[in-house]
Every structure is written in structure tokens, then in C-alpha cells.
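Now for the letters of each chain:
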Amino acid sequence: MKFISLFCLLLSGLFGSGAAEARPATAMLFQQITQLDAISPYVERIDLARLLVIRSAVQAVAQDMERNVRDGKSEVTFQTLRLIQNLIVQYRFSQVFFGWTEPRSINSIYTDATKTPLAKLKELADGMVVEYGYDDSPYTQITANTFRQMQRLLKQLEDLPLDPSFAERLRALWMPIGETIAIAEQGDRPRAFEKAIAVVQAMRDLYPMFDEVSSSSAGFQMVLELQGLTEFYAEYAQVNK
């Protein structure tokens, strides 16, 4: 529980609530962050990683809207809609994780302690789909977007004092991730999934090393987010545990 409390403080410091400054379009996003923060203290570390990724995706949409307003643009641009689509897809492929399926999976994070914020979060996520719609194009860019985020995190981790053997294993993922992105630029198609799933399996092999990164480490949040992206994509691509 001490670990969870420290991590919630870390999230608060990194992102802030932003609720006091929320505009009408961002209010729904900050409400989602509130529900995710309410769930966080009651889940295990690997589940916390999934929540962090979704929280980051929500925050990315809100920040994009705020930046558009500062720059004198429309609050919602095509870039904003792409970020919203990515968030909607993350929610869509986290239905089992959140316990939003019938019957409810025993592997979900649904408990008596989380059921109320989970219900509110589902209401907000469904409302976002109604508000903005969803492009069900046969060739989405979820693989490319997810692996670009992984690539960004790996580059940032290069500058941190990680264990040399861990850093070397992470560096070995650069090429397969780059190759995955190159193929996935053509959309989420069989070849992209085939390449991406191999990376997911290689990333999961590193989880014991991930667990050794302490919450006080400079790379803790990035490692946790990398794990969360891996698990999100694993569910999206229907990769078995």
C-alpha cells in the first residue's frame, strides 16, 4: 500500500488534476482521470501500468485541446481526433481488464472497492464515443502508434543509469520495434501483427528485470509505462498470457 501511495503522489505531481481550469470539452477528460486515480490504489503493479497508459492517453487529449486554444485554433483539430480515436481504442480493448464484459472476467480489476469508479469511467468512455464518434476503418494505426510510444520510451531510458545488462536487453529491442513500425505504417494488418507479437513476447521476457526497478528510480515511470503499453497491445492483438 505504501508503494501505491507513493505512485499516486508521483502521478499527481507529473500530471496534476487540471480540474479547476477545465473547459467544457476537457471536463469529461479530467473526470476520467479522477476515476482512474480512484481505482489506482486498489490494483497490482502490472495493472497499475495499464492504468498509467490509459491515463497518459487521456492527458494527451486534454493537453492537445488546451494547446489548440492557446494557439488560437479550434479546440478539436484532426490531430485531437486522432488522439481521441487512440484513447477510444484503448478503452475498447480494455473491456476485459476493466470488468466491463458479461460475464465478468476473473482477471479483471473489478472489486467492491473499484466498482463505483469503474462504472463512472465506463459511462464517461461511452459518452466520449457518442460525442466524437469512432472511425472503424479496417486499417487503423494502433500498432504503429503504440510502438512509436515504446520507441520514445526506449530512447529516454538510454540516458538513465540503468543496470548494464538491463540496458543492453532494452537496446536489443530497438531494431525489431523499428521494423514493426515500418510495417505497421501500412495499417493494422497481418504482417504488422506478426512482427508486433514477437516484440510483445520479447518484452514480457524482460518483466523480471522491470520488477527490479524501484519506485525511487529515475526510470520507474518509463519502465512502468513500457509495461503498460505492452499489456495494452497484447490484449488488442489477442496475445495469450
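Below you will find a few notes about this structure.

Calculation notes
Residues numbered from 1 in each chain as written. Predicted model: local features only at pLDDT ≥ 70, side-chain atom pairs only at ≥ 80, totals over all residues. Heavy atoms only, no water. Helix = DSSP H or I, 4+ residues; strand = E, 2+ residues; numbered from the N terminus. Contact = heavy atoms within 4.5 Å. Areas by Shrake-Rupley, 256 points an atom, 1.4 Å probe, with all protein chains shown as cover. Phe/Tyr/Trp six-rings, centres within 6.5 Å; stacked < 30°, edge-to-face > 60°. Lys NZ or Arg CZ within 6 Å of the ring centre and 35° of its normal. Salt bridge = Lys/Arg side-chain N within 4 Å of Asp/Glu carboxyl O. Buried < 20%, exposed > 50% of the residue type's maximum accessible area, 1.4 Å probe, protein only. Axes fitted to C-alpha atoms, helices over the stretch in contact; angles between N-to-C directions. Parallel < 35°, antiparallel > 145°, perpendicular 65-115°, else oblique. Left-handed = near helix turned anticlockwise from the far one by under 90°. Nonpolar A, V, L, I, M, F, W, Y, C, P; charged D, E, K, R; others polar. Arc of directions from axis to C-beta. Core = buried A, V, L, I, M, F, W, Y, C linked by side-chain atoms within 4.5 Å.

Quick look at the overall build of the protein chain now. Broken down by element type, the protein chain carries twelve helices and zero strands. Tracing the protein chain from N to C terminus, the helices and strands come up as α-α-α-α-α-α-α-α-α-α-α-α. Across the protein chain, contacts joining residues at least 24 apart in sequence account for 74% of those joining residues at least 6 apart. Total accessible area on the protein chain stands at roughly 12,200 Å², and carbon and sulfur atoms take up 53% of it.

What follows is about the environment of Ile 33. If you trace the backbone, Ile 33 turns up in helix α2 (residues 24-39). Counting along the chain gives 26 residues from Ile 33 to Gln 59, while the straight-line C-alpha distance between them is 7.8 Å.

Under the definition given, this model contains twelve aromatic pairs. Clustering of aromatic rings is evident, with ring pairs tying together Phe 93, Phe 147, Phe 193, Phe 232, Tyr 233 and Tyr 236. Lying across the ring of Phe 97, Arg 50 places its NZ or CZ 4.5 Å from the centre. For Arg 104, the ring lying beneath its charged end belongs to Tyr 110, and the centroid distance is 3.6 Å.

So, on to the pattern of salt bridges. By the definition in use, this model includes eleven salt bridges. When the shortest N-O distance is used, the salt bridge between Glu 158 and Arg 171 registers 3.0 Å. With a gap of 13 residues between them, Glu 158 in the loop between α7 (142-157) and α8 (164-171) and Arg 171 in helix α8 connect regions that are remote in the sequence. Classification of Glu 158 by relative accessible area gives partly exposed; the value is 34%.

So, on to the packing of α7 against helix α12 (residues 220-236). Viewed as axis vectors pointing N to C, α7 and α12 meet at an angle of 160°, and their least axial separation amounts to 10 Å. One finds that α7 runs roughly antiparallel with respect to α12. The two elements α7 and α12 meet at a crossing, and its hand is left-handed. Between α7 and α12, the residues in contact are Ile 142, Thr 143, Thr 146, Phe 147, Gln 149, Met 150, Arg 152, Leu 153, Leu 154, Gln 156 and Leu 157 and Met 222, Val 223, Glu 225, Leu 226, Leu 229, Thr 230, Phe 232, Tyr 233 and Tyr 236, respectively. Considering only residue class, the contact of α7 with α12 consists of 13 nonpolar, five polar and two charged.

A few words now on α8. Among the residues of α8, those classed as buried are Phe 166, Ala 167 and Leu 170. With its buried residues spanning 100° around the axis, α8 presents them on a single face. Seen from the open side of α8, the exposed residues pointing more than 90 degrees away from its buried face are Pro 164 and Glu 168.

Turning to unusual backbone geometry, a few remarks are in order. Each neighbour pair has its own omega, and for Glu 102 with Pro 103 the value is -5°, a cis peptide bond. Phi angles above zero are rare outside glycine, and Gln 238 is one such case at about 60°. On the secondary structure map, Gln 238 appears in the segment after α12. Gln 238 sits in the exposed class, given a relative accessible area of 70%.

Our focus in this paragraph is the nonpolar core. Grouped together as the largest cluster of nonpolar side chains are 37 residues, with contacts concentrated most on Phe 147, Leu 170, Ile 177, Phe 210 and Leu 226. Put simply, the parts of the chain that give this core at least two residues each are α3 (45-70), α7, α8, α9 (174-184), α10 (190-205), α11 (207-211) and α12. If you tally residues by element for this core, the top one is α12, at ten residues. When neighbours within four sequence positions are excluded, Leu 170 is seen to be in contact with Leu 154, Leu 157, Leu 162, Leu 206, Phe 210 and Leu 226. Formed by 29 residues, the second largest nonpolar core is a distinct cluster that contains Leu 36, Tyr 91, Leu 121 and Leu 124.

The next subject is the packing of α7 against α10. It is at 11 Å that the axes of α7 and α10 come closest, and there the two elements cross at 35°. When the axes of α7 and α10 are compared, the crossing they make is left-handed. Here α7 contributes Thr 143, Phe 147 and Met 150 to the contact with α10, which in turn contributes Ala 192, Phe 193, Ala 196, Val 199 and Met 203. Among the residues forming the contact of α7 with α10, the class breakdown is seven nonpolar, one polar and no charged.

Without other data, these values stay purely geometric and don't point to any function.
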